[in-house]
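A structural walkthrough
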Amino acid sequence: RVDAAPDAVVAPDAGPLVPTWSRRFGAASDQDCLALALDASGNVLLATFIIGTVDFGNGPLSGFDRIAIAKLSPAGATQWSRIYPNGGHHYATGIGAAPSGAVVIAGSFENTLNFGGTPLVAAGGDDIFSAGFTAAGARSWSRRYGDATLSLAALMSMFTTPGVSVAYRDVDGV
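Let me begin by describing the structure that accompanies this report. (Residues numbered from 1 in each chain as written. Predicted model: local features only at pLDDT ≥ 70, side-chain atom pairs only at ≥ 80, totals over all residues. Heavy atoms only, no water.)

1. Some details on the overall build of the chain
The condition that has to hold: Under the DSSP-based scheme used, a helix requires at least four consecutive residues in state H or I and a strand at least two consecutive residues in state E, with every element numbered from the N terminus. Exposure categories follow from relative accessible area, calculated using a 1.4 Å probe and restricted to protein chains: below 20% of the type maximum is buried, above 50% is exposed, and the middle band is partly exposed. For the accessible areas, the method is Shrake-Rupley and the probe is 1.4 Å, while residue cover comes only from the protein chains on display.
Across its full length, the chain holds zero helices and 12 strands. The order of α-helices and β-strands along the chain, N terminus first, is β-β-β-β-β-β-β-β-β-β-β-β. Evaluated residue by residue, the chain yields a buried proportion of 43% over its 174 residues. Of the roughly 8200 Å² that the chain leaves accessible, carbon and sulfur atoms contribute 57%.

Below, the structure written as structure tokens:
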């Protein structure tokens, strides 16, 4: 460990405790991997929370309280990475892949979040988002869920039939 702040580390294994490769992503500030998934081809999908700068292998991404997502090949090579630098705190707490290779993320945000297209604007407190991307990382769609109370995305699951399930908690008890 080079610094005192948390970093994201990925180490897929080929069997019981036998890593096939490992990569560390981080710098002097926080870079936390909040969600991890594999697609049908064995690519590794990461959803991270960053403060400062992180480089997944195709150039540095910088921001404060930002969502960064990345796709790594089964051998660990970076295929693509994206950052979403918007106003407010944003957290991606789930990531998954459809059988087609499309990527879906879910999480919570405050203020405004823009994946491209129409910005998502929170109704009050934190709201929940989900967003879809092509297998190549281009934005397909994004949605906001919530009301004036505080809503937080907790878990996300992908199904082989079309559909995404997001578990959430409404902090104000609704």
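2. Some thoughts on the pairing of strand E8 (residues 103–113)
Filter applied, for reference: Strands qualify as paired when DSSP identifies two bridges or more between them.
Taking burial as the measure, the 11 residues of E8 include eight buried ones, the bulk of the element. Sheet analysis places strand E7 (residues 90–97) next to E8, joined by seven bridges and oriented antiparallel. Paired with glycine 96 across the bridge in E8 is valine 104. Here E7 hands over to E8 after five residues, with glycine 101 in that stretch at a positive phi of 100 degrees. In the sheet, E8 pairs with strand E9 (residues 120–133) via 10 bridges, with the strands oriented antiparallel. Residue pairing for E9: alanine 106 is matched across the bridge by serine 130. Between E8 and E9, which pair antiparallel one after the other, the connecting turn spans six residues, and glycine 116 there sits at a positive phi close to 110 degrees.

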